[in-house]
Amino acid sequence: MDAHVSLAMALAAGPGTVAALVGAGASASAGLPTAWQVRQDLIRQVAVAERAPEPADPESWWRARGEGGAGYDDLLAALAPTPQGRRDLLRGYFEPTAEERDREEKGPGAVHDALARLVADGAVQVVLTLNFDPLIETAIRRVGVEPVVLDSAAAIAGMDPLQHQRALVVHLHGHYLSPETLNTPEELGTYPQATTALVDEVFDRYGLLVLGWSAAWDTALRGRLQAARSSRYGTWWVDRALLSDHAQQLAVARRAQEVTADAGDFLSRAADAVEAIRERRVQDPTTRSAAVSYAKRALSGRSVAIPLHDTLRRDVDRVASLEVMRSTDFEVHGGWQEEYARRRDQLLAGAETLTALVATSAYWGDSRTDQWWVPTIGRLAPRGVHGGITPLIDLRLGPATLLTHAAGISACAAGRDDLVARLISGYRIVWQRGEHSSGATLVPHVLWADGDDAELAMREHLRPLLQGDLGLGVGAYDEAWERWALLTYLERHRARHNRPAHPLLLVEDHEPVSTPALTLLRRDLEAAEQGVGLLGHGNLGGTVEAAEVELVNFQRVLDRLAERDELADLARQGGSGWINTQPRYLGRPDLTVR
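It should be emphasised that the depicted structure is a prediction, and the values quoted were computed from it without experimental measurement.

**Quick notes on the overall build of the protein chain**
Counting its regular elements, the protein chain contains 29 helices and 11 strands. Summarising the internal contacts of the protein chain: among those between residues at least 6 apart in sequence, 70% fall at separations of at least 24. Surface summary for the protein chain: the accessible area is close to 26900 Å², and the carbon and sulfur share equals 50%.

**Some points on the side chain of Asp-315**
With respect to the helices, strands and loops of the structure, Asp-315 is situated in helix H16 (residues 306-320). Reaching out from Asp-315, the side chain makes a polar contact with the backbone nitrogen of Leu-354 at a distance of 3.0 Å. The residues touching Asp-315, leaving out its near neighbours within four places in the chain, are Thr-353, Leu-354 and Leu-357.

**Side note on the pattern of salt bridges**
Under the defined criterion, the tally for this structure stands at 26 salt bridges. Arg-483 serves as the salt-bridge partner of Asp-524, at 2.8 Å between the closest nitrogen and oxygen. Of this pair, Asp-524 sits in helix H28 (residues 516-526) while Arg-483 sits in helix H27 (residues 473-494); the two residues are 41 residues apart in sequence, bridging distant segments of the chain. Assessed through its relative accessible area of 25%, Asp-524 is described here as partly exposed. Asp-524 is paired through a salt bridge with Arg-523; the nearest N and O atoms lie 3.3 Å apart. A cluster of three or more residues bridged by salt bridges with shared partners is formed by Glu-323, Glu-339, Arg-342 and Arg-343.

**Brief notes about the environment of Arg-556**
Among the secondary structure elements, Arg-556 is positioned in helix H29 (residues 544-572). Counting along the chain gives 43 residues from Arg-556 to Val-513, while the straight-line C-alpha distance between them is 9.5 Å.

**Describing the confidence of the model for the protein chain**
Residues of the protein chain with pLDDT of at least 70 account for 86%, and the chain-wide mean is 84. Within the protein chain, helix H23 (residues 398-414) carries the highest mean pLDDT (96), whereas helix H5 (residues 72-79) carries the lowest (65).

**Focus on the environment of Ala-413**
The residue Ala-413 is located in helix H23 in this model. Residue Ala-413 is classed as partly exposed on the basis of its relative accessible area of 28%. Considering only alpha carbons, one finds Ala-413 and Asp-478, 65 residues apart in sequence, at a separation of 9.4 Å. Apart from residues lying up to four places away in sequence, Ala-413 is in contact with Tyr-363, Leu-472 and Ala-480.

**Here's the deal with the pairing of strand E7 (residues 257-260)**
Here strand E6 (residues 235-239) runs beside E7; their pairing, made up of 4 bridges, is parallel. Bridge pairing links Val-238 to Val-259 in E7. The parallel pair E6 and E7, bridged by helix H13 (residues 245-253), forms a crossover whose chirality is right-handed.

**What to know about the packing of helix H24 (residues 417-425) against H27**
Packing of H24 against H27 leaves a shortest axis separation of 10 Å and a crossing angle of 40°. The handedness of the crossing between H24 and H27 is right-handed. The residues of H27 that touch H24, namely those facing Asp-417, Val-420, Leu-423, Ile-424 and Ser-425, are Arg-483, Trp-484, Leu-487, Thr-488, Glu-491 and Arg-494. Its residues assigned to classes, the contact of H24 with H27 shows 5 nonpolar, 2 polar and 4 charged.

**Topic: the sheet that holds strand E4 (residues 168-171)**
Here 7 strands make up an open sheet; going across it, the order is E3-E4-E2-E1-E5-E6-E7 and the pairing parallel. Of all the strands in the sheet, the pair left with one neighbour each is strand E3 (148-150) and E7. Direction aside, the axes of adjacent strands within the sheet are offset by 15° on average. Across 5 bridges, strand E1 (residues 18-22) lies against strand E5 (residues 207-211) in parallel orientation. Residue Ala-20 lies in a different strand from E5, and its bridge partner there is Leu-209. On the sheet, helix H9 (residues 135-142) packs against E1, strand E2 (126-129), E3 and E4 and is oriented at approximately 165° with respect to E4.

**Side note on the packing of aromatic side chains**
Per the counting criterion, the structure on display carries 4 aromatic pairs. Between Trp-213 and Trp-237 the ring centres are 5.6 Å apart and the planes differ by 15°, which places this aromatic pair in the stacked class. On the criterion of sequence distance, the pair formed by Trp-213 in the loop between E5 and helix H12 (219-227) and Trp-237 in strand E6 is long-range, its members being 24 residues apart. The residues Trp-213 and Trp-237 share a single accessibility class, namely buried.

**Observations concerning the nonpolar core**
The biggest cluster of nonpolar side chains holds 93 residues, and the ones touching the most others in it are Leu-308, Trp-373 and Leu-466. When residues in this core are grouped by element, the largest group, 9 residues, is from H27. Setting aside residues no more than four positions away along its own chain, Leu-466 makes contact with Ala-359, Ala-406, Ile-409, Ser-410, Gly-471, Leu-472 and Tyr-477.

**Some thoughts on H28**
Along H28, the residues classified as buried are Ala-517, Leu-518, Leu-521 and Leu-525. Looking straight down H28, one finds its buried side chains confined to an arc of 95°; they lie on one side. The exposed residues of H28 that point more than 90 degrees off its buried face are Thr-519 and Glu-526.

**Some details on H23**
For H23, which comprises 17 residues, the first-to-last C-alpha distance of 24 Å matches the rise-based estimate of 24 Å (1.5 Å per residue) to within 8%. Most of H23 is tucked away: 15 of the 17 residues are buried. Looking at the residues trailing H23, positive phi occurs at Gly-415, about 70°.

**Some remarks on the environment of Gly-109**
Its location among the elements puts Gly-109 in the loop between helix H7 (98-102) and helix H8 (110-120). Its relative accessible area of 14% is what places Gly-109 among the buried residues. C-alpha of Gly-109 to C-alpha of Leu-135: the two residues are 26 residues apart in sequence and 8.0 Å apart in space.

**Quick notes on unusual backbone geometry**
With a phi angle near 60°, His-537 is a residue other than glycine that sits in the positive phi range. Mapping His-537 onto the fold places it in the loop between H28 and H29. Even without being glycine, Leu-540 reaches a positive phi, approximately 55°. Structurally, Leu-540 can be placed in the loop between H28 and H29. Note on Leu-540: relative accessible area 2%, which makes it buried.

How each quantity is defined
- Residue positions are counted from 1 within each chain, in the order its sequence is given.
- Local features in this predicted model are restricted to residues of pLDDT 70 or higher, and side-chain atom pairs are both shown and tallied only at a pLDDT of 80 or more, whereas totals for entire chains, interfaces and linings draw on every residue.
- Excluding hydrogens and water, the side-chain values take into account all heavy atoms of the structure.
- Put simply, DSSP marks the helices as runs of H or I at least four residues long and the strands as runs of E at least two long, and each gets a number from the N terminus on.
- In what follows, residue pairs with any heavy atoms lying within 4.5 Å of each other are defined as contacts.
- What sets the accessible areas is the Shrake-Rupley method with a 1.4 Å probe; for residues, cover comes only from the shown protein chains.
- For this analysis, a polar contact is any N or O atom pair within 3.5 Å, provided that within protein one partner can donate a hydrogen and the other can accept it, and provided that sequence-adjacent residues contribute only side-chain to side-chain pairs.
- When a carboxyl oxygen of Asp or Glu lies within 4 Å of a side-chain nitrogen of Lys or Arg, that pair is called a salt bridge.
- Burial classes follow relative accessibility: with a 1.4 Å probe on protein chains only, a residue under 20% of its type's maximum area counts as buried, one over 50% as exposed, and anything between as partly exposed.
- Each residue carries a pLDDT score, the predictor's own confidence in it, on a scale running from 0 to 100.
- Here, a strand pair is defined by DSSP locating no fewer than two bridges between the strands.
- If the strands point away from the viewer and the path from the first strand over the helix to the second runs clockwise, then the crossover is right-handed.
- Lines fitted to C-alpha atoms define the axes, with helix axes restricted to the stretch in contact, and inter-axis angles between N-to-C directions lie between 0 and 180 degrees.
- Should the near helix be turned counterclockwise from the far one by less than a right angle, the crossing is left-handed, whereas a clockwise turn marks it as right-handed.
- Basically, the charged four are Asp, Glu, Lys and Arg, the nonpolar ten are Ala, Val, Leu, Ile, Met, Phe, Trp, Tyr, Cys and Pro, and anything else, Gly included, counts as polar.
- Here a Phe, Tyr or Trp ring, Trp counted by its six-membered ring, pairs with any other such ring whose centre lies within 6.5 Å, and the pair is stacked when the planes are under 30 degrees apart, edge-to-face when over 60, and tilted otherwise.
- Here, nonpolar core means buried Ala, Val, Leu, Ile, Met, Phe, Trp, Tyr and Cys residues that are tied together by side-chain atoms lying within 4.5 Å of each other.
- Arc definition: it is the arc formed by the directions from the helix axis to the C-beta atoms.
- To estimate the expected span of a helix, count its residues, drop one, and scale the result by 1.5 Å.

Here is the structure:
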């Protein structure tokens, strides 16, 4: 396995368990000088200013002058004793001019940008850097994260615990503007107590991603790594050249994966891989609520929702391959209900995430995204007809039925009338030696043939998804169900399909009985245009006149059903009593009205 893949797998599986240790190679690759190079150049400038020959060994030349050591701090104290003076002196080394900024010089390089991506993603939360420049924190800020930056032992001593850090950058050897820096061999030989404690904790608790560190000069850091216990997480040591002897010894002791590669390229590929792993996990949600959240993000308009298209296709294929969809055994010895319930449970569980994706797409999508899933409903309805027990055969229509109802109710709630009409009348289902509209064929009885009220079972099965996860709430869900139930009943009645005998609709009054869903539908049809919206795809006959005929006939059906309920009520009251005119459900005297 490539090292960048193993790193990505570790970061995706355990976000924040690997800390980065960034050496001078990262800054050098971005075009910035190391502290040693800064010292050398400053001394040469002094020599030029004094019109002395350019020294071959700048540090020896400086010490021979008797003006103090040639360490970074001593040199700066001699040349610029005030903070502003140091900033002015060093600005040219670490801060780009306007021209350099236009040329994208002295800014974060590939290493810094890739590391910032990992920090923004939460994959890396602790970064130890040996460099004086601010390139790491600059890159992190560019991706919208404000890091905690520490550049002294005092700051380290007062920091919050590591486990509370979201994006921590520690300059172990100081910052070019800080008064305390570690640069000379003597300074790098021993760390302050607070720094030592932090380094020990990181080396013990975290895996390590080492980038561009030779380990040749940093005696104290090298010693802390040698003394560290073996981490429970891995170590990846990346350098464009073969590791130095010191680095090689540390890598072997740490059981590191040694990677000879450009650190920027390696880390960019690792960051890409982490994103790909995360995206795949999101695109293949395993729960209903996760599927709704993923589809909402994909349809939010911030980007093209192409991954949602691919996710829908994969989930359709997965549902189509379920055992119950592939089975051709429809004979059961003895009672069929137990086997039927087993297969239905498998279908409902197997289609849960796909149903959530489709329902969310129906609510938040548009005609373009509808093409990603509407045609698949018909393809989920098998064409083969086999002999056997009818409910077991019809159960293979279960996924298509579930998707159609979930999408239809969602579309009703969103006011997407054209999609509602398309789901009811816009495509045909070939089934049992006949071809019928989806609205007439994909009925709740397919999934609940073993119960007394398939309509009610469908409504309550979809309630947690649509009322809860999709966020419709109680009122909007019930209203959307009523509209969908009315429209699908009208289609079944028009196709002379006799299920269900009693539509699950709220009714009220008496002679004539009325239903709020019918009242709203009549109002909407008054403003409807021929052949579009609710009248699209031939739904309700395709014209206002044909729809009105359907509604008049439906009113007669309602009145007859209400009369039967009234006679049954009177019989229960001994032949005389009061007639219920309150909101109620026809044929369901015990069903509570919310």
